[in-house]
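# Observations on chain architecture
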Amino acid sequence: MTLSLAVVGLGIMGSRLAIRLLAAGHRVAGFDVDEDRMGEFEKVGGIRAGSPAEAARGCPIVILSLLNSEISREVCLGPGGVVECDERPLLVLDTTTGRPADVIEIARTLGKSGIDHADMTLSGNAAVAERGELVVMFGGSEAAFRTARPVIDAIARSSHHVGASGSGARAKLIVNHVLAVNRAALAEGLVAAELAGIDLASMLEVLADGAAYSRAMDLWGERMVEGNHDRPNARLRQSLKDAHLIVEHASELAAPTDFVRLVAATLEEGVLNGLGDLDNSSVIEVLRRRASIGRVAPVSGSVAG
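Starting from 1, residues in each chain are numbered consecutively following that chain's sequence as written. With pLDDT at 70 or above as the cut-off, local features in this predicted model cover only qualifying residues; side-chain atom pairs require 80 or more to be listed or tallied, and sums for whole chains, interfaces and linings still use all residues. Each side-chain value is worked out from all heavy atoms of the structure, with water and hydrogens disregarded.

## Topic: the overall build of the chain
- Each helix and strand counted, the chain has 14 helices and eight strands in total.
- Here the globule rule reads 2.2 Å times residues to the power 0.38, and the radius of gyration is calculated from C-alpha atoms. By the compact-globule yardstick of 19 Å for 305 residues, the chain fits well, its C-alpha radius of gyration being 20 Å.
- Counting only C-alpha atoms, the chain reaches 60 × 45 × 40 Å along its principal axes.
- Relative accessibility decides the category of a residue: with a 1.4 Å probe and only protein chains considered, values under 20% of the type maximum give buried, values over 50% give exposed, and everything between is partly exposed. Per-residue burial for the chain yields a buried fraction of 50% across its 305 residues.
- Contacts: residue pairs with any heavy atoms within 4.5 Å of one another. A sequence separation of at least 24 residues applies to 66% of the contacts in the chain between residues at least 6 apart.
- Taken as a whole, the chain presents about 13,600 Å² of accessible surface, with 53% of it coming from carbon and sulfur. The way it works is that DSSP assigns letters per residue, a run of H or I at least four long becomes a helix, a run of E at least two long becomes a strand, and they are numbered from the N terminus. The Shrake-Rupley method, run with a 1.4 Å probe sphere, supplies the accessible areas, and residue values consider only the shown protein chains as cover.

Right, dumping it as structure tokens:
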């Protein structure tokens, strides 16, 4: 089934989602405040829109891929936002990593205008998205989950309906909670191996073959070994933003945050020292610098964290 769809937010992840939807044969309109991103979107067959409302016109489903839930609120409810579009029925699928309370508020407000909303959060980075192998965590109604199926089929290898509105956002923060700790633990172990004089590629093979294995090794292991953090699949500063949300979310639940607070401090040190726009595999460079074996030079004028 071919659909007319809209994607708002054409950054690292949103652009990959749009490409997957186009490859599945869907017509895709898009909007981003960045003109260069819009140009790239048009080159791959996307249709330029002048606002979120214009992108949504003629589309039964709008996919959001934005930096945070504050921007999601503006895109949905602000001037030129999705709420101004008279398309009905209309389902907004928000893939943004944001606050669950914000998601619930946005869904409730859109609902007053007859627009359905679901937090369709994603596990996986841009490279995973390019392969159509994301994992979907869906918070919303059963009807919305069924309606979203063509989108899910184009971008994901599996999907999980985890509950009502806000549940997808909560599930994403819990996934990122565990993943952030796994990624930092891998980086710390590889730095120890480097100091011990063990070949890092061989050490990564050993780790991936044993009980210490985690998917973090597949996603970031090779980059950490090579010290190659350019062309990010997800930026270090985005991981810091997520870490703050993770701590906030867990603290509201009175859940322990000991490990993830250490990770957040390490990420903040990296951002303050100029690593923020590199791939989040560059967390290893923070630890390498602490061990006086740093491979990426600190940015001139940066502040030590």
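Read on, since the account is not over.
## Quick word on helix α10 (residues 200-209)
- When α10 is considered as a whole, its buried residues turn out to be L200, M203, L204 and L207. All buried residues of α10 lie within an arc of 100° about the axis, which places them on one face of the element. Opposite its buried face, α10 presents the exposed residues E205, V206 and D209, each directed more than 90 degrees away.
- A side-chain oxygen of the first residue of α10 lies 3.4 Å from the backbone nitrogen of A201; this N-cap is D199. It is the directions from the helix axis to the C-beta atoms that the arc portrays. What qualifies as a polar contact is a pair of N or O atoms within 3.5 Å, subject to a donor-acceptor requirement within protein and to the restriction that residues adjacent in sequence count only when both atoms come from side chains.

## Regarding the nonpolar core
- Within the largest apolar cluster, 32 residues are counted, with the highest numbers of intra-cluster contacts made by L21, I63, L93, L134, F138, V151 and I155.
- Here this core takes five residues from helix α1 (residues 12-23), the largest share from any one element.
- Excluding its chain neighbours within four sequence positions, the residues that come into contact with V151 are L5, L21, I61, I63, L93 and M120.
- Of all hydrophobic cores here, the second largest spans 28 residues; its members include A187, A216, I284 and V286. Definition used in this section: a nonpolar core is a set of buried Ala, Val, Leu, Ile, Met, Phe, Trp, Tyr and Cys residues joined via side-chain atoms within 4.5 Å.

## Details of the packing of helix α9 (residues 167-195) against helix α11 (residues 215-226)
- To get an axis, a line is fitted to the C-alpha atoms, and for a helix only the part in contact is used. The angle between two axes follows their N-to-C directions and goes from 0 to 180 degrees. Where α9 contacts α11, the axes come no closer than 10 Å and their chain directions differ by 35°. In the packing of α9 onto α11, the handedness of the crossing is right-handed. Between α9 and α11, the contacting residues are L179, N182, R183, L186, A187 and L190 on the first element and A216, M217, W220, G221, M224 and V225 on the second.
- Of the residues that constitute the contact of α9 with α11, the class distribution is nine nonpolar, two polar and one charged. Should the near helix be turned anticlockwise from the far one by less than a right angle, the crossing is left-handed, and should it be turned clockwise, the crossing is right-handed. Each residue receives one of three labels: charged for Asp, Glu, Lys and Arg, nonpolar for Ala, Val, Leu, Ile, Met, Phe, Trp, Tyr, Cys and Pro, and polar for the others, Gly being one of them.

## What to know about the packing of aromatic side chains
- When two rings of Phe, Tyr or Trp (its six-membered ring) have centres within 6.5 Å they constitute a pair, described as stacked for plane angles under 30 degrees, edge-to-face for angles over 60, and tilted for the intermediate range. Under the definition given, this model contains one aromatic pair.
- As a reminder, the over-ring test applies to NZ of lysine and CZ of arginine, requiring each to be within 6 Å of the ring centre and within 35 degrees of the ring normal. Against the face of F145 rests R149, its NZ or CZ located 5.3 Å from the ring centre.
- Over the aromatic face of W220 sits the side chain of R183, whose NZ or CZ is 4.6 Å from the ring centroid.

## Some words on the sheet that holds strand β2 (residues 27-31)
- Only strands joined by at least two bridges in the DSSP assignment are considered to pair. In space, the eight strands of this open sheet follow the order β3-β2-β1-β4-β5-β6-β7-β8, with mixed pairing throughout. The sheet is open, and its two edges are formed by β3 (47-48) and β8 (156-163), each paired on a single side.
- Sitting on the sheet, helix α4 (residues 69-77) touches β1 (4-8), β4 (61-64) and β5 (91-94), and the angle it makes with β4 is about 155°.
- Its contacts with the sheet place α9 against β6 (116-123), β7 (134-139) and β8, and it is angled at close to 15° to β6.

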